[in-house]
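Coordinate analysis (summary)
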Amino acid sequence: MTAPLNAALKRIENESNTVKITGLRDDVERILRKNHFLGEYGYDDLHDTNQTTLPHECFGLSQSKEFSGYLDRHLARKEIPKMSDGLVRRFRQSILEMFQNCATHSSTKSGVFVCGQFYPHNNRLKLTISDGGIGIRTNVRRVAGGKISSVDAIKWALQEGNTTKTGNEPGGFGLKLLQEFVELNQGKVQIVSRYGYYEFDGKRQKFEKMDGDLRGTTVNLEINTNDKRSYALKSELASKDIF
């Protein structure tokens, strides 16, 4: 949650405010120092001995290459289900597409925030990407017209072929491959933008209207690390290998 939290805090700072973080519970402070979130708020970082954190970082809108490097460093973990080399490239490319869409369409002034956490007792690894920009609804209204709601805007954006891109800009969410993986892996994908909430847990999709307005767009990917299967792209399998 530090990714959407910092997106909100930076928007507050950009409005000529000063942000200080005080009064944290000891256990909360410890983990937020380990993942480097509190470093820019005057706290010293702590070494993550157990290596459960995927560090909190902010990337500029033109730093796709740097974000790709982040994925290479922090998703090459033994807890991630085994994937073929081809699928690893496609998997990370799909996550990179989500970053690129945040960077291209959010109109944020603060960059794109990312953070993650491995929960060994729950067999889950979570990665969250967040911006504090204008949100999906505003972009979809520009293309589709009308007063489309936040929920309907997410539905529109998830439909294959729909895009708010112009020229050579990336479109769509790039979620198709991730949704297919989540379905097999029994993980989860969540998207929050303004008043809209979307969740896919591998079995069903859920759309809800939230009571509060979360500015920008946040995407959360949850991977089931108790999955002992190996995965590959269908295109990598010869016909003799398919039973």
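Residues numbered from 1 in each chain as written. Predicted model: local features only at pLDDT ≥ 70, side-chain atom pairs only at ≥ 80, totals over all residues. Heavy atoms only, no water.

The subject of this paragraph is the overall build of the chain. Within the chain, the secondary structure is distributed over 7 helices and 7 strands. Secondary structure elements of the chain occur, N-terminal to C-terminal, as α-α-β-α-β-α-β-β-α-α-α-β-β-β. Here the C-alpha radius of gyration of the chain, 18 Å, is about what a compact globule of 243 residues would show, namely 18 Å. When its C-alpha atoms are laid out on the principal axes, the chain stretches across 65 × 50 × 30 Å. Within the chain, counting contacts between residues at least 6 apart in sequence, those at least 24 apart form 62% of the total. Here the chain has roughly 13,400 Å² of accessible surface; of this, 46% comes from carbon and sulfur atoms. With 36 positive and 30 negative side-chain charges, the chain shows a spacing of 3 Å between the two charge centroids. (Helix = DSSP H or I, 4+ residues; strand = E, 2+ residues; numbered from the N terminus. Rg over C-alpha atoms; globule rule 2.2 N^0.38 Å. Contact = heavy atoms within 4.5 Å. Areas by Shrake-Rupley, 256 points an atom, 1.4 Å probe, with all protein chains shown as cover. Lys, Arg positive; Asp, Glu negative; His and termini not counted. Charge placed at Lys NZ, Arg CZ, Asp CG, Glu CD.)

Right, let's get into the nonpolar core. The biggest cluster of nonpolar side chains holds 43 residues, and the ones touching the most others in it are Phe67, Leu75, Phe91, Ile95, Ile129, Leu178 and Leu221. It is helix 4 (residues 85–105) that provides the largest number of residues to this core, a total of 8 residues. Contacts of Ile129, omitting those with residues within four sequence positions, involve Phe67, Ile95, Met98, Cys102, Val112, Phe113, Val114, Thr217, Thr218 and Val219. (Core = buried A, V, L, I, M, F, W, Y, C linked by side-chain atoms within 4.5 Å. Buried < 20%, exposed > 50% of the residue type's maximum accessible area, 1.4 Å probe, protein only.)

Okay, the sheet that holds strand 3 (residues 112–119) next. Reading across from one edge, 1-3-4-6-5 is the order of the 5 strands in this open sheet, with antiparallel pairing throughout. Sheet topology places strand 1 (53–59) and strand 5 (188–200) at the edges, where each strand pairs with a single neighbour. Strand-to-strand twist in this sheet, taken as the mean axis angle between neighbours without regard to direction, amounts to 20°. Strand direction decides the pairing type here: strand 1 and strand 3, joined by 5 bridges, are antiparallel. Counterpart to Thr53 in the pairing with strand 3 is Gln117. Helix 5 (residues 135–144) contacts strand 5 and strand 6 (205–224) of the sheet and is inclined by roughly 75° relative to strand 5. In the packing of helix 6 (residues 150–158) onto the sheet, the strands contacted are strand 5 and strand 6, and the crossing angle to strand 5 comes to about 135°. (Pairing = 2+ DSSP bridges. Axes fitted to C-alpha atoms, helices over the stretch in contact; angles between N-to-C directions.)

With that settled, consider the packing of helix 3 (residues 64–74) against helix 4. A packed helix pair is summarised by two numbers, namely the angle formed by the two axes and the spacing between the axes. The N-to-C vectors of helix 3 and helix 4 enclose an angle of 140°; their axes lie 10 Å apart at closest approach. If you check the angle between helix 3 and helix 4, you find them oblique. Considering how the two elements wind past one another, helix 3 and helix 4 form a crossing that is right-handed. For the pair formed by helix 3 and helix 4, the contact residues are Ser64, Phe67, Ser68, Leu71 and Asp72 on the first element and Arg92, Ile95, Leu96, Phe99 and Gln100 on the second. Split by residue class, the contact of helix 3 with helix 4 holds 5 nonpolar, 3 polar and 2 charged. (Parallel < 35°, antiparallel > 145°, perpendicular 65-115°, else oblique. Left-handed = near helix turned anticlockwise from the far one by under 90°. Nonpolar A, V, L, I, M, F, W, Y, C, P; charged D, E, K, R; others polar.)

We now examine the side chain of Arg137. Mapped onto the elements of the fold, Arg137 is located in helix 5. Despite its burial, Arg137 pairs with no opposite charge, the nearest such side chain being Asp213 at 5.5 Å. Here Ser150 takes part through its side chain, which lies 3.5 Å from a polar atom of the side chain of Arg137. When residues no more than four places from it in sequence are discounted, the contact partners of Arg137 are Ile148, Ser149, Ser150, Ala153, Arg194 and Tyr195. (Salt bridge = Lys/Arg side-chain N within 4 Å of Asp/Glu carboxyl O. Polar contact = N/O pair within 3.5 Å; in protein donor to acceptor, adjacent residues only side chain to side chain.)

Here we take up the pairing of strand 3. Counting buried residues in strand 3 gives 7 out of 8 residues, a clear majority hidden from the surface. Pairing of strand 3 with strand 4 (residues 124–131) involves 8 bridges; the strand directions are antiparallel. Bridge assignment links Phe113 to a residue of strand 4, and that residue is Ser130. Where strand 3 folds back onto strand 4 in an antiparallel hairpin, the turn is made up of 4 residues, including Asn123, whose phi is positive at roughly 55°.

This part covers the pattern of salt bridges. Two side chains carrying opposite charge are able to pair once their charged atoms lie near each other. For the coordinates displayed, the defined rule picks out 15 salt bridges. Among the ionic pairs, Lys10 bridges to Glu13, the shortest N-O distance being 3.0 Å. Residue Lys10 and its partner Glu13 are both found in helix 1 (residues 2–13); the two are separated by 3 residues, about one turn of the helix. Among the residues examined, Lys10 registers a relative accessible area of 16% and is labelled buried. A relative accessible area of 26% places Glu13 in the partly exposed class. Residue Asp27 pairs with Arg25 through a salt bridge whose shortest N-O separation is 2.9 Å. Its relative accessible area of 56% is what places Arg25 among the exposed residues.

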